[in-house]
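Residue-level listing of the chains:
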Amino acid sequence: MKAYLICLFLCIQIIPQTAFAQQDSTKLWKVTAGDVIPPVTLGLASLIVQGKISRHLQERVVSNYPNYRTKVDEFLPYAPGVVSLGLASAGVKGKHKLGDQVILAILSNVIAQGVTQSLKRIVKYPRPNEEDNHSFPSGHATTAFTNATILHEEYGQRSVLYSIGGYGTATTVGAMRVLGNHHWLADVLMGAGIGIGATKVVYISYPWMQQQVRRMKARRHSEKN
C-alpha cells in the first residue's frame, strides 16, 4: 500500500503546483482543467484497478488470446511523435517550429521515462508473464502517450483528427501490452497518466524556459560589451 501511495504522490506532483501561484505575475504559466484532469484521473484509475481487477482481466485475456504475439508494440509508441515532427519538417504549421518541437519531444520523453523507470525500481511489481519485477508502470504506454500528447499539443487545434489518431495509436499500444501478457491494466493506465502529465508539464513550462534562455543570452551579451 505504501508503494501505491508513492505512485499517487508522484503522479500528482507531475502537475506543476507553482504554476498556479505564478500565473498572474508572469503570464507565462497557463494551466487548464484539461491539463490536470486526464493524468490525475488515469493515475487514480490505475491504483483502483491494481490487484484483483487487473488480475481478473489478465486471466480472461490470456484465456481468450493464448497465442497472441506481435512486435508492432515495440515501434508503434513512437509513431505519433514521428508524425508531429514529420508535419513540422514538411512545413505544416503547428504550435511550435520544428526546432522547438524537437526540444519539447526530447524533454517530454526524458522526463516521462525518468518517472516511469524510477517507479519501476521502487515498486518492483511482477509482470503477468513473470519475466521480471519491472511491470509497473508500463514504459511502452508512457512513451506512446507522451508522443500522442505531443501530436495533440502541436496539431490538435488544427484538426481533432490528429488528436484522435495519436491517442488512438497510444491506446492500441496499451492494449497490445496487455494482450501480449507483458503488463497489467494498472500498468498501462499509470504509464498513460505519466506520459500525458509529463508532456503537459513541459509544454506549460516551456515559455518560462524560453524566457530564462533569452535572459541568459542578454546577460552574456551585456557582459561582453
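Structural data are supplied above this passage.
Residues numbered from 1 in each chain as written. Predicted model: local features only at pLDDT ≥ 70, side-chain atom pairs only at ≥ 80, totals over all residues. Heavy atoms only, no water.

1. Considerations on the nonpolar core
Proteins that are soluble and globular tend to have nonpolar side chains buried together.
Alright, step 1. Counting residues in hydrophobic clusters, the biggest one holds 12 residues: Val49, Ala112, Leu119, Val123, Tyr125, Phe136, Trp184, Ala186, Leu189, Met190, Ile194 and Ala198.
Alright, step 2. Mapped onto this core, the elements with two or more residues apiece are α6 (98-123) and α9 (185-224).
Alright, step 3. If you tally residues by element for this core, the top one is α9, at five residues.
Alright, step 4. If sequence neighbours within four positions are ignored, Ala186 has contacts with Ser46, Val49, Gln50, Ser54 and Phe136.
Alright, step 5. Ala144, Phe145, Ala170 and Ile196 belong to the second largest nonpolar core, which has seven residues in total. (Core = buried A, V, L, I, M, F, W, Y, C linked by side-chain atoms within 4.5 Å. Buried < 20%, exposed > 50% of the residue type's maximum accessible area, 1.4 Å probe, protein only. Helix = DSSP H or I, 4+ residues; strand = E, 2+ residues; numbered from the N terminus. Contact = heavy atoms within 4.5 Å.)

2. With respect to the environment of Pro80
Alright, step 1. With respect to the element layout, Pro80 can be found in helix α5 (residues 79-89).
Alright, step 2. Placed 72 residues apart in sequence, Pro80 and His152 show a C-alpha to C-alpha distance of 8.9 Å.
Alright, step 3. In this view, Pro80 contacts Ala144, Asn147, Ala148, Leu151, Gly166 and Thr169; residues no more than four positions away in its chain are not counted.

3. Some details on the packing of aromatic side chains
Alright, step 1. One pass over the full model with this rule turns up four aromatic pairs.
Alright, step 2. Aromatic side chains Trp29 and Trp208 sit 6.1 Å apart centroid to centroid with 35° between the ring planes, which places their arrangement in the tilted category. Of the two residues, Trp29 sits in the loop between α2 (17-26) and α3 (33-49) while Trp208 sits in helix α9, which places them 179 residues apart along the sequence.
Alright, step 3. For the ring pair Tyr125 and Trp184, a centre distance of 6.4 Å and an interplane angle of 80° mean the geometry is edge-to-face. Linking Tyr125 in the loop between α6 and α7 (139-155) with Trp184 in the loop between α8 (160-179) and α9, this pair joins segments that are 59 residues apart in sequence. Each of the two residues, Tyr125 as well as Trp184, counts as buried. (Phe/Tyr/Trp six-rings, centres within 6.5 Å; stacked < 30°, edge-to-face > 60°.)

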